[in-house]
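A look at the structure
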Amino acid sequence: MTAKPQQHSAPLLIQNAQVVDPASCRNEVADLFIADGLLLPVPSTLPQGTRRMNAKGLVVTPGLLDLHVHFRDPGATTAETLVTGSRAAAAGGFTHVVTMPNTNPPCDRPKWVQRQLDPALAAHVLPAACVTSGRHGRAVADLEALAAAGAMAFTDDGAMVADPSLMLDALRRAKKLDRVVMDHAVLPELAGTGVIRDCTAANRYHLPVFPPEAEIAAVEQDIRLCRETGARMHIQHVSCAASVTAIRAARRAGLPVSGEATPHHIAIAAEDIDADNGNLRMNPPLGSREDLRALREALLDGTLTTFATDHAPHTPDSKAHGFVHAPSGVIGLETAAAVSYSLMVGVEGMPLIDWVARWTTGPAAILGLPPPALTTGQPANLALFDIHRPWRIQPEHFQSLSRNCPFAGWTLHGHAMLTICAGRVTWAHGSL
Ligand SMILES: [Zn+2]
């Protein structure tokens, strides 16, 4: 792909928005001025051609950053592509996404990293590359060459790097490269063929049960390797209460361990699974009510410093034949802000600025990036959300190529109304 020059939108004055910016501890009604792709001081005389937007009642945040998306490109581009996935990201208020390397072929060579770095996309793609060559779990990939090509993180997501000696080598090399290793912490020999946690649906339909120990033992193993190396270790899609407890203890001991919670794991429990619904199947599976409670507590107290969607598109046909026959994964980019806002701020009383931090400064720190901020001179990466008007989730209107959304029909607050990425309007809802 050839890089196209950035097209900045006309200068824009956003008036009367509630500016929520964790990096500068700012939460106040103010105006923002955008020109030449940057946030600039509001000039006393507006340049010719400046558009004005009255954002009264809307919340403006730095563009959200999602640490965990699958864009299926290359390999399964009937489910999603870099272009459609980036559009879905923009429609959810995201300006930055970390793409998982479990494509076909997997992203284990510099050329597969480089092809994702396209400034014409509707979001900044920050590629994660494989930890092991081919994601086979047999030999560590050329992490040095992958980082030089632009890989922002390493993971074999979809599978754990279960061999401790391989993970140890990867962590030592990633530390030298100042990159984080992210792990799909599920020990395959303990998980077996399990697809669902022990629950009513599992019993009723005789489904193979996923034991929580498969995740908990994996998290404990990863924490041990983190302690041994001092390298940054990030646990993907945490789903069990005991995993949260282990991460909390490790962080209190000063280890550079972090973890993410997905909107679906904090919204739906295993007991809610309806066997007709393929959109409730994901890996790791939905947890118990106690797990859901523990994840919310961990987001509130900062044990988990980030949300992440694990946006995993699958074609409608593949998800249409019930829970048992469905592939694992749900889409999440276009509902993540509303689900997480409605549950964490609306139900749990999380301070608004903390909710924004879990989607911006939290994930940026895990990648080792400077904190996204709405301060003068910064690139104009921002999003506006309507937290007052209810929004009904209708996947048929999504930008994603796929429709496997577990929240269809839910009514929530926190719909993204406008997204600006590097000064370009990448999403505008309706007449905005
Ligand atoms: Zn995973």
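Since this is a predicted model, take the numbers as computed values, not measurements. (Residues numbered from 1 in each chain as written. Predicted model: local features only at pLDDT ≥ 70, side-chain atom pairs only at ≥ 80, totals over all residues. Heavy atoms only, no water.)

Thoughts on the overall build of the protein
- When you go through the protein residue by residue, the secondary structure sums to 14 helices and 18 strands.
- Relative to the compact-globule value of 22 Å for 432 residues, the protein shows a C-alpha radius of gyration of 21 Å, a close match.
- A burial count over the protein gives 60% of its 432 residues as buried.
- When the accessible surface of the protein is split by element, carbon and sulfur atoms take 51% of a total near 16,200 Å².
- Counting 35 positive and 40 negative side-chain charges, the protein places the centres of these two groups 4 Å from one another. (Helix = DSSP H or I, 4+ residues; strand = E, 2+ residues; numbered from the N terminus. Rg over C-alpha atoms; globule rule 2.2 N^0.38 Å. Buried < 20%, exposed > 50% of the residue type's maximum accessible area, 1.4 Å probe, protein only. Areas by Shrake-Rupley, 256 points an atom, 1.4 Å probe, with all protein chains shown as cover. Lys, Arg positive; Asp, Glu negative; His and termini not counted. Charge placed at Lys NZ, Arg CZ, Asp CG, Glu CD.)

Digging into the side chain of Glu-348
- Assignment of secondary structure puts Glu-348 in the loop between helix H12 (336-347) and helix H13 (352-359).
- There is a polar contact of 2.7 Å between the side chain of Glu-348 and the side chain of Arg-296.
- Other than its neighbours up to four places away in sequence, Glu-348 contacts Arg-293, Arg-296, Leu-300 and Leu-343. (Polar contact = N/O pair within 3.5 Å; in protein donor to acceptor, adjacent residues only side chain to side chain. Contact = heavy atoms within 4.5 Å.)

Things to note about the sheet that holds strand S12 (residues 257-261)
- With parallel pairing, the eight strands of this open sheet are ordered in space as S6-S7-S8-S9-S10-S11-S12-S13. Looking at the sheet topology across the chains shown, the edges are occupied by strand S6 (64-69) and strand S13 (306-307).
- Two elements, strand S11 (residues 233-235) and S12, share three bridges in a ladder whose sense is parallel. If you follow Met-233 over to S12, its bridge partner there is Val-257. (Pairing = 2+ DSSP bridges.)

Some details on unusual backbone geometry
- Between Asp-73 and Pro-74 the backbone carries a cis peptide bond, its omega angle lying at 10°.
- With phi around 60°, Arg-72 is a residue other than glycine that occupies positive phi space.
- With respect to the helices and strands, Arg-72 occurs in the loop between S6 and helix H1 (82-91).
- A relative accessible area of 14% places Arg-72 in the buried class.

Thoughts on the coordination of the zinc ion
- Each protein donor to the zinc ion is listed here as Asp-157 (OD), His-184 (ND1) and His-237 (NE2); together their distances run 2.0 to 2.2 Å.
- Between consecutive donors of the zinc ion, the numbers of intervening residues give the motif D-x26-H-x52-H. Of the two residues, Asp-157 sits in the loop between strand S9 (153-154) and helix H4 (164-176) while His-184 sits in the loop between strand S10 (180-183) and helix H5 (188-191), which places them 27 residues apart along the sequence. Each member of the pair, Asp-157 as well as His-184, carries the same accessibility label: buried. (Donors = N, O, S within 2.8 Å, 3.2 Å for Na, K, Ca; no water.)

Examining the pairing of strand S7 (residues 94-99)
- Here S7 lies mainly inside the structure; six of its six residues are buried.
- Looking at chain direction, S6 and S7 are connected through four bridges and run parallel. Within S7, the position partnered with Asp-66 by the bridge is Val-97.

Topic: the packing of aromatic side chains
- Under the counting rule described, the total for this entry stands at five aromatic pairs.
- Relative to Trp-410, the ring of Phe-407 lies with its centre 4.9 Å away and its plane at 80°, an arrangement referred to as edge-to-face.
- The structure contains a cluster of three or more aromatic residues connected by ring pairs, namely Phe-94, Phe-307 and Trp-359.
- The ring centre of Phe-323 lies 5.9 Å from the NZ or CZ of Arg-281, which sits over that ring. (Phe/Tyr/Trp six-rings, centres within 6.5 Å; stacked < 30°, edge-to-face > 60°. Lys NZ or Arg CZ within 6 Å of the ring centre and 35° of its normal.)

Some words on H13
- With six of eight residues buried, H13 lies mostly within the body of the structure.
- Along H13, the positions that sit buried rather than exposed are Leu-352, Trp-355, Val-356, Ala-357, Arg-358 and Trp-359.

Brief notes about the nonpolar core
- Phe-154, Ile-196 and Trp-355 are the most contacted members of the largest nonpolar core, which totals 103 residues.
- Here the element with the most residues in this core is H12; it accounts for eight residues.
- Excluding anything up to four places from it in sequence, Phe-154 contacts Ala-129, Cys-130, Val-131, Leu-143, Leu-146, Ala-147, Ala-174, Leu-177, Arg-179, Val-180, Val-181 and Met-182.
- Listed in part, the 19 residues of the second largest apolar core include Ile-14, Ile-34, Val-60 and Leu-382. (Core = buried A, V, L, I, M, F, W, Y, C linked by side-chain atoms within 4.5 Å.)

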